[in-house]
Amino acid sequence: METKKTREGRGVSEVSDERREVRPETGGAAPGGGSTLGMKIENLAAFYGSFRAVTDISMDIQANKVTALIGPSGCGKSTFIRCLNRMHEVIPGARAEGKVALGEQDIYAKNSDPVVIRRRVGMVFQKPNPFSKSIYDNVAWGAKINGFRGNVDELVERSLRQAALWDEVKDRLKESGFGLSGGQQQRLCIARTLAVEPEVILMDEPASALDPVSTQKIEDTMSELKKSYTVVIVTHNMQQAARISDYTGFFYIENMGDPGHLWEFDETEKIFSNPDRKETEDYVTGRFG
Amino acid sequence: MAQGTQVKKRGEGTEGPQFKANMSARYGLDRVFSVVVTLAALVGIVVLAVLLVDVTRDGSSMLSANFLTSFPSQIFPENGGIYPALVGSLWLLGLTFLISVPLGLGAAVYLEEYAEDTRINRLIEINISNLAGVPSIIYGLLGLGIFVQLLAPITGGGSVLSGALTLSLLILPVIIVATREALRAIPRAIREGGYALGATKWEVIRSHLLPMALPGALTGMILALSRAIGEAAPLLVVGVALYQTYATSGPLDGYMALPTQIYDWISRPQQIFQDSAAAGIVVVMVVLLVANSVAILLRNRFQRSS
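Residues numbered from 1 in each chain as written. Chains lettered and ligands numbered in written order. Predicted model: local features only at pLDDT ≥ 70, side-chain atom pairs only at ≥ 80, totals over all residues. Heavy atoms only, no water.

K.L.:
Help me get a handle on the sheet that holds strand E9 (residues 247-252) of chain A, residues and values and all.
P.N.:
All names here are of chain A. Taking strand neighbours across the sheet as the criterion, the six strands line up as E6-E7-E8-E3-E9-E10 in an open arrangement whose pairing is mixed. Each edge of the open sheet is held by one strand with a lone partner, namely strand E6 (121-124) and strand E10 (261-267). Ignoring which end each strand starts from, the neighbouring axes of this sheet average 15° apart. Bridge count between strand E7 (residues 200-204) and strand E8 (residues 230-234): five bridges; the pairing is parallel. What sits directly across from Met-203, in E8, is Ile-233. The strands touched by helix H7 (residues 182-195) within the sheet are E6 and E7, with E6 carrying the most contacts at an inclination of about 170°. Packing of helix H8 (residues 212-228) onto the sheet brings it into contact with strand E3 (66-70), E7 and E8, and relative to E8 it is tilted by some 145°. (Pairing = 2+ DSSP bridges. Helix = DSSP H or I, 4+ residues; strand = E, 2+ residues; numbered from the N terminus. Axes fitted to C-alpha atoms, helices over the stretch in contact; angles between N-to-C directions. Contact = heavy atoms within 4.5 Å.)

K.L.:
Please provide a residue-by-residue account of the packing of helix H9 (residues 188-195) of chain B against helix H10 (residues 201-229) of chain B, values included.
P.N.:
The angle between the axes and the distance between the axes are what describe a pair of packed helices. Residues and elements named next belong to chain B. The geometry of H9 relative to H10 is characterised by a closest axis approach of 9 Å and an angle of 145° between their N-to-C directions. The hand of the H9/H10 crossing is right-handed. Residues Ile-190, Arg-191, Gly-194 and Tyr-195 of H9 touch H10, and the partners they reach there are Lys-201, Val-204, His-208, Leu-209 and Met-212. The residue inventory of the contact of H9 with H10, partitioned by class, reads five nonpolar, two polar and two charged. (Left-handed = near helix turned anticlockwise from the far one by under 90°. Nonpolar A, V, L, I, M, F, W, Y, C, P; charged D, E, K, R; others polar.)

K.L.:
Report on the environment of Ala-277 of chain B, specifying residues and quantitative values.
P.N.:
Residue and element names in this part refer to chain B. Here Ala-277 shows up in helix H13 (residues 271-305). By relative accessible area, which is 0% here, Ala-277 ends up buried. Put simply, Ala-277 and Ile-266 are 11 residues apart on the chain and 5.7 Å apart in space, counted from C-alpha to C-alpha. Setting aside chain neighbours within four positions, we find Ala-277 in contact with Ile-262, Trp-265 and Ile-266. (Buried < 20%, exposed > 50% of the residue type's maximum accessible area, 1.4 Å probe, protein only.)

K.L.:
Just give me the short version of the domain arrangement of chain B, but keep the residues and values in it.
P.N.:
Residue and element names in this part refer to chain B. Domain annotation for chain B reports domain 1 (2-59) and domain 2 (65-305). Here domain 1 and domain 2 have C-alpha centroids that lie 39 Å from each other. Residue-level contacts link five residues of domain 1 with six residues of domain 2. When the buried area of domain 1 at its contact with domain 2 is split by residue, Val-55, Asp-58 and Gly-59 rank highest and sum to 71% of it. Between domain 1 and domain 2 we count zero salt bridges in total. Seen at the junction of domain 1 and domain 2, the total is zero residue pairs in polar contact (both at pLDDT 80 or more). Taken together, the residues of the side of domain 1 that touches domain 2 sort by class into two nonpolar, two polar and one charged. (Domains from an automatic or database assignment. Buried area = accessible area lost by both parts, 1.4 Å probe. Salt bridge = Lys/Arg side-chain N within 4 Å of Asp/Glu carboxyl O. Polar contact = N/O pair within 3.5 Å; in protein donor to acceptor, adjacent residues only side chain to side chain.)

This is the structure we're talking about:
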């Protein structure tokens, strides 16, 4: 009993040490008291079997900012974002090369545990994928398996509030998550991601399957989220990228069958008003793609 | 403009230079086909109903509470019953369930969730599908060699445990195939959703995949167990008793079984044994119906809660 306590105690202090170390260099404490880790990607390449899907990607993802990834279909945005929490390798035959740092830690280092990384870098998928459980359990499950020892009721309420879903579901927490509308399901998935208290949240076209009203709600949520989290979002909706993001990366493929590149990466304002490269300008002004 | 003409052409109606709708012939074919499929369904149902009615009529003279609670008798067959066979079959059913369900679930989870796509695993997969079609007597011979003879110190030779193990072998392929189908039907997004929260593989399997696969897997198990309880051939090989003076009370006991009891009766010429066999068949049917209903109730409860 005694040893266990000490070990866990040390584990907690290690995490907070790390945050303390990283905070000043990645830019300021969050108002919500959440994490402020950014990510640094160097020469990342991702493969499906022998096919090189994306290559040579280097970018800095700033803490407490929203970074949007745009570009034509099939140019590797989703593949890339899945490399940021080691979800890419879940697909049989898929692997990634290069360096992805979360704060100071290389998530592809030998001593990095993908299960731990995925709790710290959460992910919301393109299609809402609630679990076949009650609304309450959808949110609570991730926290429970990760050894959450606080008040679960409070955690569920807080997460659902952050995801702007609480008012709509507070009277039916015990009902199945499948009974919600598509937009509500997606916000449920956001709430469930928030409940494990990640440091970075990855969103892979979270609103592409939703109607405009639900999209609006999710966008509203996002501007709240960046106060406490670092957010990376893949989107096909250029207005959405312009509205919600601070930084924008444009992914592009020159020839069919080539790997995707990060063509241009800059502050959102610059990408949408005065990009350096012609392809970027053509894309954001809707001339192709 | 070109588009406009196209649209107009398409909307011109069912008759025109390009189309001959011929609705009466198409609807005629529709009706013919619906009659054919209805007949196909009726054949099965009617034959089954006739069989049931006939058997119940033949067995009605023997069917009574006494029939269920008595030992079979050659001297006073009219007072004989099916008690030890019924108890033996229930033991077989229970033990087979306990053995085959965890093994089947485990094998299916391994093959569907853990196995890499290697040559050996593909070979295993093909073999499992083929095993589902092997005649049951072959499993009986396998059971005789392994459970009754080789493992006699553990199974007690021709015990009800050996019988249940043999029946488990027989139905494992069916359970595995059904469970795999159920697992495969779960979208990958559910697994990814779990992993993305920092769950291990086992946590995802336990909390999401198994509960979601269970209703489908149970359907396969129901079918498989129904088949097992009706099997006579493999049991005859692995040492089922055609007569014993006690009812099975432990896994290492000897046992009688309903299908072999029916087989024994039906091979005797006297009318009274024929009637006993008919009554026995009714008992088997009722046991099957009850077992299936319980399983279906269970399945529905899982479906509701998930």
